[in-house]
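Coordinate inspection notes
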Amino acid sequence: MTSRKAFQLRFGLRAKLLLLSSFLFIIPWFGYQYVWEMEKYLRFGQEQTLVGTARALATALHERENLFKNQASFLPNVEQGKDLYGYQLTEAIQLDGLHNDWPYFSQRAHFYNHQQQLFANEPLSLNFKASVGKYDKYLYLFFQVVDNQVIFRGKNSRSIINNDHLALSFSDQNNNLNRFIISNKQAGWISAFSITENTDDIPKPAPHIQGHWLITPQGYNIELRVPLKTLGDKIAFAFFDINQPAGEVVSAIGSADPSKLESLGTILVPSPEIERIVKGMRYTNSSIWVVDQHHRVLASAGSLKSASGVWHEKEKPASESEKSSLWYQFKQQVLLPLYYKVLTKPPTDFIDKLYDARHLSGEHIVSALTGKATSQWRLTTDKQALVLSAAYPIFINNKVQGAVIVEETTNGIRTLRNRALEKLFTVILAIMILGALTFIIFATRISSRIRHLSTQAEQAIDTQGRIIGEMSVSTSHDEIGDLSRSFTTAVNRLSEYNHYLESMSSRLSHELRTPIAVVKTSLENLALQEKQRLSTDENIDKSIDENNGINPYIERAQTGINTLNLILTNMSEATRLEQMLTRTDKVVFDLKTVVSGCIAGYRQVYSDFTFDLNTEISKLTFRGSPEHIVQLLDKVINNAVEFSQDKVITLELKHRNGHAELLINNNGILLPELLSESLFDSMVSLRNNKKQEQPHLGLGLYIARLICQFHQGEISAENHHSPDGVTIKIVLPTKV
Amino acid sequence: MTKRIAIVEDEAAIRENYADVLRTQGYQVQTYANRETATQAFNLRLPNLVILDIGLNEEYDGGFVLCQQLRAKSASLPIIFLTARDNDFDTVSGLRIGADDYLTKDISLPHLTARISALFRRQEAFKQPVSDEHITKTGPLTIDSLRMTITWHKKPIDLTITEFWLVHALAKHPGHVKNRTQLMTDSKIYVDDSTITSHIKRIRKKFIKTDESFDCIETVYGMGYRWLSDIDNTSEHD
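Now for a description of the structure that goes with this document. Note that this is a predicted model, so its numbers are computed, not measured.

Residues and elements named next belong to chain B. In terms of burial, strand β4 (residues 79-83) is largely enclosed, as five of its five residues are buried. By the alternation rule, side chains of β4 split into I79, F81 and T83 and I80 and L82, which are all buried. Once you follow strand β3 (residues 49-52) into helix α3 (residues 62-73) and on to β4, the crossover reads as right-handed. In the sheet, β4 pairs with strand β5 (residues 101-104) via four bridges, with the strands oriented parallel. By the bridge assignment for β5, L82 is matched with L103. Taking the sense of rotation as the criterion, the β-α-β connection linking β4, helix α4 (residues 88-96) and β5 turns out right-handed.

Paired through their backbone hydrogen bonds, the strands of a sheet run either parallel or antiparallel. Residue and element names in this part refer to chain B. Taken in spatial order, the four strands line up as β6-β7-β8-β9 in an open sheet, and their pairing is antiparallel. The open sheet is flanked by β6 (135-138) and β9 (155-157), the only strands paired with a single partner. Along the sheet, successive strands turn relative to each other by an average axial angle of 25 degrees, direction set aside. Note: strand β7 (residues 141-144) against strand β8 (residues 149-152), four bridges, orientation antiparallel. Its bridge partner being in β8, I143 is matched across the sheet by I150. Packed onto the sheet, helix α6 (residues 161-172) meets β6, β7 and β8 and runs at close to 120 degrees relative to β7.

Right, let's get into the environment of A:E63. Residue and element names in this part refer to chain A. Looking at where E63 falls in the secondary structure, it is placed in the loop between α3 (26-61) and α4 (65-69). By C-beta crowding, E63 is classed as exposed, having 12 other C-beta atoms within 10 Å. Counting along the chain gives 333 residues from E63 to I396, while the straight-line C-alpha distance between them is 4.4 Å. Sequence-distant contacts of E63, that is, excluding residues within four places in its chain, are made with F395 and I396.

Once that is clear, we can look at unusual backbone geometry. Residue and element names in this part refer to chain A. Even without being a glycine, N398 presents a positive backbone phi close to 60 degrees. Along the polypeptide, N398 turns up in the loop between β20 (386-396) and β21 (399-409). For Q712, which is not a glycine, the phi torsion comes out positive at approximately 55 degrees. Mapped onto the secondary structure, Q712 falls in the loop between α17 (700-710) and β27 (714-720).

Before going further, it helps to spend a moment on the interface of chain B and chain A. Residue-level contacts link 26 residues of chain B with 29 residues of chain A. When residues of the side of chain B that touches chain A are traced back to their parent elements, those giving at least two are α1 (12-24), α4, α8 (193-210) and β11 (217-220) of chain B. The element that contributes the greatest number of residues to the side of chain B that touches chain A is α1(B), accounting for seven residues. Tallied by class, residues from the side of chain B that touches chain A come to ten nonpolar, nine polar and seven charged.

With that settled, the discussion passes to the sheet that holds β5(B). Residue and element names in this part refer to chain B. In space, the five strands of this open sheet follow the order β2-β1-β3-β4-β5, with parallel pairing throughout. Edge strands, defined here as strands with exactly one partner in the open sheet, are β2 (28-32) and β5. Here the strands of the sheet are splayed against their neighbours by 20 degrees on average, with no regard to which way each runs. In this fold α1 packs onto β1 (4-8), β2 and β3, with an angle of close to 170 degrees to the strand it touches most, β2.

Residue and element names in this part refer to chain A. The interhelical angle for the contact between α3 and helix α10 (residues 411-460), taken along N-to-C directions, is 165 degrees, at an axis separation of 10 Å. Taken together, the axes of α3 and α10 are roughly antiparallel relative to one another. Seen along the crossing, α3 lies across α10 with a hand that is right-handed. Contacts from I27, P28, G31, V35, E39, L42, R43 and Q46 in α3 reach I413, L416, R417, A420, L421, L424 and I428 in α10. Taken together, the residues of the contact of α3 with α10 break down into ten nonpolar, two polar and three charged.

Calculation notes
- Residues numbered from 1 in each chain as written.
- Chains lettered and ligands numbered in written order.
- Predicted model: local features only at pLDDT ≥ 70, side-chain atom pairs only at ≥ 80, totals over all residues.
- Buried ≥ 20, exposed ≤ 12 C-beta atoms within 10 Å, placed from the backbone.
- Helix = DSSP H or I, 4+ residues; strand = E, 2+ residues; numbered from the N terminus.
- Right-handed = clockwise from strand over helix to strand, strands pointing away.
- Pairing = 2+ DSSP bridges.
- Axes fitted to C-alpha atoms, helices over the stretch in contact; angles between N-to-C directions.
- Contact = placed C-beta atoms within 7 Å.
- Nonpolar A, V, L, I, M, F, W, Y, C, P; charged D, E, K, R; others polar.
- Parallel < 35°, antiparallel > 145°, perpendicular 65-115°, else oblique.
- Left-handed = near helix turned anticlockwise from the far one by under 90°.

Shown next, in the form of structure tokens:
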């Protein structure tokens, strides 16, 4: 049972309390849930605000036809490459034929090849990339042309078309067609000529179109600009390829046929009027776009990176005194890194490539362009930030002509949430640390008190069940105090009871002594009377005289009473010994002499027994009471003699580690396992019920133990085998 | 003249039994059941010998009180404690307050009467001149078997009857080991071994009181005791 228990996991009070206190972890979970809930409402609020912003802006744009008039917004459809979009450039362009200063050139440029060819008499040996941008008052155009052979205009050639040239046509504000040809004699500043429909007209130089022609390994680059005030909303350009000097045009590629007004494509540049209106809205911390029905951006304001919504409050930088405080340092260095293991900081640096600068796409826009206001949540393309976008249609003449898109990131809300969670975590951490500390202290106190109590209880009772100490009474008024008090009461009562039992034999003998004395003296008197009667009537009855003169009944009664008396004396022997021991002084004597003297005595007393003493020591100085050591030996030897079967008693006396060790062996029956510990207790006897010469009360070995205890020693009994028998081992410390 | 013996004993049966046996021995016996009646009687006239029980009815130490009172009245009155209490403490206390002997109730009547007559004999002997025929000398020890007195280096040692008999038994054959049974027979007591041990201890103490270097009673462990009267011991003192 006990061995099995040892393998069981010990689940102490402290562990239980800790387990119970783990329910405290529910509190932060609730807090976390609450903050999440709050965030949800905030998001909903943000969505509403955003839709409101979009509606407000759309309201400002409703029914303002003129804002959209010169845009291509009224076109039923747009054709890539033909209908151009002038990107809003953020910096001035240097006209040098290099596209370094064109932002995102490769993405924004459109590639023209045989699909856009106008005509070809020979296999096509030309293609180009074109990009359009708007800066300040000019429209910039950049062409990167790949041509196997660059043919410039001959030095003396009057013709401007018998070489590689660019034809550029656009309508002006009054919707008249203006045609130009860029035809250079050499690389460098471009030469632009204005031509008319009449081919016989001499081309006039057009100095307001400026630019640069650059020869490249693949062909040539042309970078040019046109003043916006001369520009309408239609445009077309085409490259004409000549393969030999002063040759005929072999092929042409372009956005549209530049020769007729009807065939021109459209150009859309961000509208400064709409932008002006939109700019008024840019203080809303949102990113705003206005698109036409072809998803092309008419105006934009704000950047998504700074559009973190109305909830976004710039965090006040900590003051110097705050920064130097210990709490701030601790928070910055320990707490916040810990929190942000769980929380995510909204990224300030995210990439969103969903929108091209001229073309926006998305379900919400599609939905808005069908006349339905929508809002949607989406992740940025790098999945770093969550973006809320709201789209609202712009109506002109009951037709959707465009849409307003307002976007914000949830960074503001997330920052707000994070800050709330930081505070929550700090408070919860503090509460939990305090709570855990309190719990641990409380549990430690309780368990130590209980352990103390259990140690006390264990120490109060020895392995033989005797009370060996007293328990101190606890003064606390709680349950453990009550337990301690009831333990103490129980131990004290047990102690009293044990004391009663231990002193019972002597008490009994004392109480019995008087009645026995009565019987004894009465019997003796009776015997004396009998004797006297016999001596006076000697002659009358001779038969009694023959029976030793005394009535046999009296004699038997006397024998019985003497035995009874002996029993009583033996019964009180232990008590008397205890009393005597308390007043016995220890003297220094030689233990070896005492033991060998005793053995000599036993050889006389038990003449048919053999006593062997095995010892290597010649003298063993011992401090104690020799008379009692003799008494101890008497009891043990008496015991050994009675249980010996082969009439050989072997004794061994050793001196080791400051202890005198005396072993008394006898061969005979073994001790039952159960009794080996209690053998030395009062009134325990192993003797069987066969007829005994002397009365036995089981006090002999009890007395032996008393004497051993007086000498701070120990006595124990063990079985030994082959041959079977019992060894009594007495260990007495010599250094006392 | 008939000796008068007073028995103070609360247990009527024992009292009467003792009284009967002593009467048959020819003594005049008066019995008292408690301290008050005994004290009243003793105030009128002292008996020749008193047998006392320690516990008298309610009085746990009534016998001791009575003994002290009697001893105050007469220094030579023989007083015997006859009690059921067999512990060492009571024995020592009883003898210390002036009892001549301390007997437990398991003593046999012949042993009791032997002691009583011995006490009377000793009393008688003191009235007679010292005669040499009863005196034996062993080294510095002188034993007067008639007066039951012992001197050591000519100084008297005050011993009870039991103790005297023990010393007498030991010193009669110096050098011979007497085991406990023999000693018990000689001293007319029948007790257990440890009582002999404590008797011997008391005797040693009494001798040591007069002579600190006394070492004549040797314990032969496992056997008994013997009286040493070796030359070393005597030469030291002679």
